[in-house]
Amino acid sequence: MQKNNFIWAIALMLVSVSAIAQTGTSSPYSIGGLGELKPQSFSQHQALGGASVSLQDNNSFSLINPASYTNLDFTVFDAGARMTLGQLSTESLEANTRSGNFNYFAMAFPFETKRKMALSFGTNQYSDVGYEIINRVNTDTPSYYNLFSGSGGINRVYLGYGIEVAKNLNFGVNFNYNFGSIQSAKAKIYPNSDNRFSHTDEDYMSYRGMDIDLGMQYSVYQNIQSKTEDAHRIKHTLGAAFNTGTSLRGTGYRYSETFFGRAYEANRTLPIDTILFDDNVKDTATKPVGISIGYTVSNGDKWALSLEMQQNKWSGVTDRESGDNFFDNTRYSVGFSIRPSTDYSTTGNYFKKVAYRIGGRYENLYYNFNNTQLNELGISFGLGLPVVKSVRLEEEKVAVVNMINITAEYMTRGTTQNGLIQEDYINITLGLNLNDKWFTKRKYR
């Protein structure tokens with residue numbers, strides 16, 4: 001009972017993070033394209049630098065590679081939330097930020113058939129928009145400032161299927177429905193004068209679109225015998241995933257009005273006149289194709305080393321604001337995990353049963369500001385805290401391991417040169433991984 005209460009307490013913490021800070025980003029760079037691209041991975045994978053496409057686990061799976069569903073032994077529930085503490089720096093100014101949001105929820109169900117297969121469904125964020133940029137101009141009389149703000153983002157829900165088509169060869173497919181809205185506004189505000197009318201121009205667009213993920217994993221085993229240790233069975237796994245991309249069709253409005261700047265500064269709204277109101281405006285945004293490839297070498301549940309590369313082809317997409325093409329978004333990841341002991345049937349030595357994870361990633365971002373491509377570097381560390389329960393399968397008790405996954409990542413992005421902004425963040429992700437045995441064949445005597 002105490003273990004169940006502890007798990008429910010963690011679940012309530014996930015909801016609390018989402019309720020406290022509904023904005024998932026505070027990055028000024030989320031002004032570009034569809035916003036800041038969010039990790040397409042669970043908390044335990046974010047501790048590995050985001051690597052997951054070639055990982056195989058009997059109680060976890062990959063959000064981007066549906067072939068990974070086939071390896072599951074148990075019904076899996078995974079949910080997570082993230083909180084971010086950051087600092088924005090220019091050549092002359094610094095500012096602190098805080099944001100957070102619920103990131104993902106997913107379930108997967110393996111079936112006991114002649115061939116391994118599983119179904120999965122869930123939802124997660126694809127991108128996030130949340131910024132407020134003020135550009136003050138004090139050289140003119142009266143003085144004014146330009147305000148740029150935005151919110152929203154793109155989410156997805158998916159239904160996936162994975163199957164073992166041959167020994168150690170798995171394939172899978174996800175059908176994704178992408179949806180969300182992005183609201184942006186530009187304003188010119190005269191805070192000290194009513195002789196000049198302040199004005200704002202606001203756009204709102206709701207997007208919808210479907211795409212597909214295709215995934216593959218192939219494993220080979222290697223037996224290693226040494227004179228001083230028992231034989232080890234090492235597994236080498238290659239993984240690949242492809243996303244078809246899609247055109248997101250949008251419907252929304254554009255609204256522009258004048259107002260008194262003095263009242264706005266006093267947190268009061270005094271509109272003067274509506275300049276423009278266009279309803280039922282149509283738009284199309286592009287979610288580009290993407291590919292991920294990875295390699296993992298592992299020794300059962302004891303340790304695993306993963307290497308991964310992911311690229312989304314944003315270079316074929318044009319920024320509507322500047323007219324410039326974006327850059328390809330490319331991520332390189334490396335991650336290592338280790339569990340000193342995988343014997344969960346005995347008590348004691350709890351910290352030997354904890355999963356310890358470390359990872360790093362380097363990413364070339366898709367943003368194009370002043371014809372400059374921004375880079376991002378992240379270093380992460382994570383813990384998988386096991387909560388073990390026993391289930392009876394036929395006449396045998398089996399240990400089922402639930403995990404509370406905690407990941408901390410330090411990330412730096414951008415530069416203070418060329419009038420740009422450098423961002424330094426600490427991302428803290430809390431994930432809950434629950435396992436149970438469903439769809440079990442019963443034996444009667």
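Before reading further, recall that the structure is shown in the block above.
Treat the numbers as computed from the prediction; the structure is a model and nothing was measured.

Colleague: Before we move on, could you go through the overall build of the protein chain and cite the residues and values that matter?
Modeller: Scanning the protein chain from N- to C-terminus turns up three helices and 17 strands. Within the protein chain, buried positions represent 49% of all 445 residues. When the accessible surface of the protein chain is totalled, it reaches about 22400 Å², and 55% of it is carbon and sulfur.

Colleague: Report on the packing of aromatic side chains, specifying residues and quantitative values.
Modeller: Taken as a whole, this structure holds 21 aromatic pairs when the rule is applied. Measuring from centroid to centroid gives 5.8 Å for F109 and F121, while their planes differ by 20°, and the two rings are stacked. Placement of F109 in strand β3 (residues 94-111) and of F121 in strand β4 (residues 117-137) is noted, with a sequence separation of 12 residues between them. Under the relative-accessibility criterion, F109 is labelled buried at 13%. Taken together through their ring pairs, the aromatic side chains of Y29, W314, F326, Y366, Y367 and F369 make up a single cluster. Sitting above the plane of the Y144 ring, K188 keeps its charged end 4.3 Å from the centroid. Its end group placed over the ring of Y126, K287 keeps NZ or CZ at 4.6 Å from the ring centre.

Colleague: Pulling in residues and values, what's your account of the pattern of salt bridges?
Modeller: Scanning the model with the defined rule gives 15 salt bridges in all. As a salt-bridge pair, D213 and R156 come within 3.0 Å of each other at their nearest N and O atoms. Taken together, the residues span a long stretch of sequence, with D213 in strand β7 (residues 198-224) and R156 in strand β5 (residues 144-166) at a distance of 57 residues. For D213, a relative accessible area of 6% gives the class buried. Because the salt bridges share partners, they merge into one network encompassing E36, K38, R361, E363, E376, E409, R413 and E423.

Colleague: Describe a nonpolar patch on the surface, with residues and values.
Modeller: A cluster of nonpolar side chains, L305, L307, V334, F336, I338, I358 and F381, forms an exposed patch at the surface whose accessible area comes to about 560 Å². Counting only elements with at least two residues in the nonpolar patch, the list comes to β12 (303-312) and β13 (329-338). Looking at the nonpolar patch element by element, the count peaks at three residues for β13. Inspection of the secondary structure puts L307 in strand β12. Overall, the relative accessible area of 43% leaves L307 in the partly exposed class.

Colleague: An account of unusual backbone geometry is requested, with residue identities and associated values reported.
Modeller: Even without a glycine there, the phi angle at N267 is positive, about 65°. Relative to the elements of secondary structure, N267 occurs in the loop between α3 (261-265) and β10 (271-287). Taking relative accessible area as the criterion, N267 reaches 76% and is therefore assigned exposed. A positive phi angle, close to 55°, is found at N371, a residue other than glycine. Relative to the helices and strands, N371 is located in the loop between β14 (355-369) and β15 (372-393).

Colleague: Outline the side chain of S30, supporting the account with residue identities and numerical values.
Modeller: Topologically, S30 is positioned in the loop between α1 (2-20) and β1 (36-37). In this structure the side chain of S30 is engaged in a polar contact, spanning 2.7 Å, whose partner is the backbone oxygen of S27. If we skip the residues at most four places from it in the chain, S30 touches T25, G35, E36, D128, V129, G130 and Y131.

Colleague: Lay out the side chain of N402 with the relevant residues and their values.
Modeller: Structurally, the position occupied by N402 is in strand β16 (residues 396-414). Using a relative accessible area of 5% as the deciding quantity, one classes N402 as buried. Side-chain polar atoms of N402 contact the backbone nitrogen of N435, separated by 2.6 Å.

Colleague: Help me get a handle on the environment of Q183, residues and values and all.
Modeller: Tracing the sequence through the fold places Q183 in strand β6 (residues 169-189). Taking C-alpha positions, Q183 is 8.6 Å from V129, a pair spaced 54 residues apart along the chain. Contact partners of Q183, with chain neighbours within four places excluded, come to S149, G150, S151, E202, D203, Y204 and Y253. Of note is the side chain of Q183, whose polar atom sits 2.6 Å from the side chain of E202.

Colleague: Pulling in residues and values, what's your account of the nonpolar core?
Modeller: Formed by 19 residues in total, the largest nonpolar core has its most connected members in L34, I154, Y207, L248, W314, Y367 and L374. Breaking this core down by element, the ones donating at least two residues are β4, β7 and β14.

Colleague: Help me get a handle on the pairing of β4, residues and values and all.
Modeller: Of the pairings in the sheet, the one linking β1 to β4 comprises two bridges and is antiparallel in character. Counted as the bridge partner of L37 is S127 from β4. Pairing of β4 with β5, which is carried by 20 bridges, proceeds in the antiparallel orientation. Counted as the bridge partner of G122 is Y158 from β5. From the end of β4 to the start of β5, which pair antiparallel, there are six residues.

Colleague: Residues and numbers for the environment of N435, please.
Modeller: Residue placement: N435 occurs in strand β17 (residues 422-436). For N435, a relative accessible area of 2% gives the class buried. On a C-alpha basis, the gap between N435 and V400 in space is 6.6 Å, while along the polypeptide they are 35 residues apart. Of the polar contacts made by the side chain of N435, one reaches the backbone oxygen of V401; its length is 3.0 Å. In terms of polar contacts, N435 uses its side chain to reach the side chain of N433, at 2.8 Å.

Rules used in this analysis
Residues numbered from 1 in each chain as written. Predicted model: local features only at pLDDT ≥ 70, side-chain atom pairs only at ≥ 80, totals over all residues. Heavy atoms only, no water. Helix = DSSP H or I, 4+ residues; strand = E, 2+ residues; numbered from the N terminus. Buried < 20%, exposed > 50% of the residue type's maximum accessible area, 1.4 Å probe, protein only. Areas by Shrake-Rupley, 256 points an atom, 1.4 Å probe, with all protein chains shown as cover. Phe/Tyr/Trp six-rings, centres within 6.5 Å; stacked < 30°, edge-to-face > 60°. Lys NZ or Arg CZ within 6 Å of the ring centre and 35° of its normal. Salt bridge = Lys/Arg side-chain N within 4 Å of Asp/Glu carboxyl O. Patch = residues over 30% accessible without salt bridge, like charges linked within 9 Å, V, L, I, M, F, W, Y side chains within 5 Å. Polar contact = N/O pair within 3.5 Å; in protein donor to acceptor, adjacent residues only side chain to side chain. Contact = heavy atoms within 4.5 Å. Core = buried A, V, L, I, M, F, W, Y, C linked by side-chain atoms within 4.5 Å. Pairing = 2+ DSSP bridges.

Geometric descriptors of this kind do not, in isolation, establish any biological role.
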